[in-house]
Every structure is written in structure tokens, then in C-alpha cells.
Amino acid sequence: MKLSSEELEILKIIEENHKASAETIALMALTSEETVKNTIKKLEDEKIIMSYPTLIDWTKVDGQESIIAMIDVKVTPKRGVGFDDVAERIYRFPEVSSLYLMSGAYDLSITIEGKTMNQIAAFVSEKLSTIENVVSTTTHFMLKKYKHDGVIFDSGADDKDRRMVVTP
């Protein structure tokens, strides 16, 4: 879909700060509040705006700790559909938070979250590796998060005083 320069400007503003009010966005985009509201509704309906993120530092919430794993997957593509069929089977698992088709040594990159390493191991061995056309997997465990989606998880001298810093 071809967007006007005004629509593009509104998208850039809400990508940077999705909590900005329609009034603030209108001032920044030099347009009316009604235009902003109509544009956002249109872009949501067209699935150009897919969701609004909230980034939570779960390491600060007792009992909510989890393990994040990034899994590289080598796949034999299917004739006529390439990687799409295997990717669809994988992204339907609730454990999968992201899935990308990659260039390089592996074909797919998956991010999953679990409560324990055993839970992630079970996902890989019982669900992922058993999918037809999955040739091999390599699992990497996230040890510490420094930056995510442009937000720096700044850790000072004490992790309890950690604060989030948004970078432009």
C-alpha cells in the first residue's frame, strides 16, 4: 500500500512513541487530530500497524523469571512452498515468540521463552526436531539482555537500581 507523506510521518511518530496522544501526534505531524485518528484506524485496519509493544523487564518481578533461547534451524524447503510451510508449523507453537527466515548457515531463527532449560529442551526435542523437513537445530541461551527494540537495559553498580533508557 502506498502511503502519503503525512501517513508516513504519523507512522514514524507512533513507532517512536505509541503512547503519544492524537493531539501530540497532530502537532508533530502538522495536521489535525481527526486526521491522525482516521489515519491510525486505517493503518490498523490494513494491518500495517500490527500491535503496540509494551516492554517489561521481567527480571525485576519475583517469580516471573524465564529463560530465553534463540534456535537456529536448518530446513529442507518443500517444492512449491519453500520455507513457508515449515515456518507456519513452527510459528503456531505458543512457545515461539519470533521466527525469521535468514540467510547464512541456517534457514530459520526462532526465539522461544520457557521457565526452565528442561522446558526449552523438551520443545526442541519433542516438537521442533520432529517436524518433517527440519534437518538440524542449534540452541543458544540468552544470558543477559543489554538492549531490546531500541531500549537499553542499563545496569549500574547494582542490578536492583537498573533503569530502562530509551535511545533514539
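Up top is the structure these notes are about.
The structure reproduced in this document is the subject of the present report. (Residues numbered from 1 in each chain as written. Predicted model: local features only at pLDDT ≥ 70, side-chain atom pairs only at ≥ 80, totals over all residues. Heavy atoms only, no water.)

1. Overview of the pattern of salt bridges
Filter applied, for reference: Just to be clear on terms, a salt bridge is a Lys or Arg side-chain nitrogen sitting within 4 Å of an Asp or Glu carboxyl oxygen. Put simply, DSSP H or I for four residues or longer makes a helix, DSSP E for two residues or longer makes a strand, and each gets a number counted from the N terminus. Burial classes: relative accessible area under 20% of the type maximum marks a residue as buried, over 50% as exposed, and values in between as partly exposed (1.4 Å probe, protein chains only).
According to the stated counting rule, one finds 6 salt bridges in the structure shown. Its salt-bridge partner being Glu33, residue Lys37 comes within 3.6 Å of it at the nearest N-O pair. Here Glu33 and Lys37 lie together in helix α3 (residues 33–45), a separation of 4 residues that amounts to about one turn. We note a salt bridge from Lys78 to Asp85, for which the minimum N-O separation is 2.7 Å. Exposure remark for Lys78: the relative accessible area of 27% places this residue in the partly exposed category. Residue Asp85 is classed as partly exposed on the basis of its relative accessible area of 26%.

2. Describing the packing of helix α1 (residues 5–16) against α3
How we decide: Convention adopted: a line fitted to C-alpha atoms gives each axis, helices being fitted over their contacting stretch, and angles between N-to-C directions are expressed from 0 to 180 degrees. An angle below 35 degrees is treated as roughly parallel, one above 145 as roughly antiparallel, one from 65 to 115 as roughly perpendicular, and anything else as oblique. The contact criterion used is simple: two residues touch if any of their non-hydrogen atoms lie within 4.5 Å. Note that Gly is not counted as nonpolar here; it falls among the polar residues with everything else outside the nonpolar set of Ala, Val, Leu, Ile, Met, Phe, Trp, Tyr, Cys and Pro and the charged set of Asp, Glu, Lys and Arg.
Where α1 meets α3, the axes come as close as 10 Å, and the angle between the chain directions of the two elements is 80°. Considering the angle they form, α1 stands roughly perpendicular to α3. The segment α1 lies against α3, with Glu6, Glu7, Ile10, Leu11 and Ile14 engaging Thr35, Val36, Thr39, Ile40, Lys42 and Leu43. Residues belonging to the contact of α1 with α3 are distributed by class as follows: 6 nonpolar, 2 polar and 3 charged.

3. Considering unusual backbone geometry
Even without glycine at this site, Leu30 takes up a positive phi of about 55°. Its location among the elements puts Leu30 in the loop between α2 (22–29) and α3. Looking at Leu30, the relative accessible area reads 76%, which means it is exposed. For Lys47, which is not glycine, the phi torsion reads 60° and is therefore positive. With respect to the secondary-structure elements, Lys47 resides in the loop between α3 and β1 (67–75).

Don't take any of this as a statement about function, it's just geometry.
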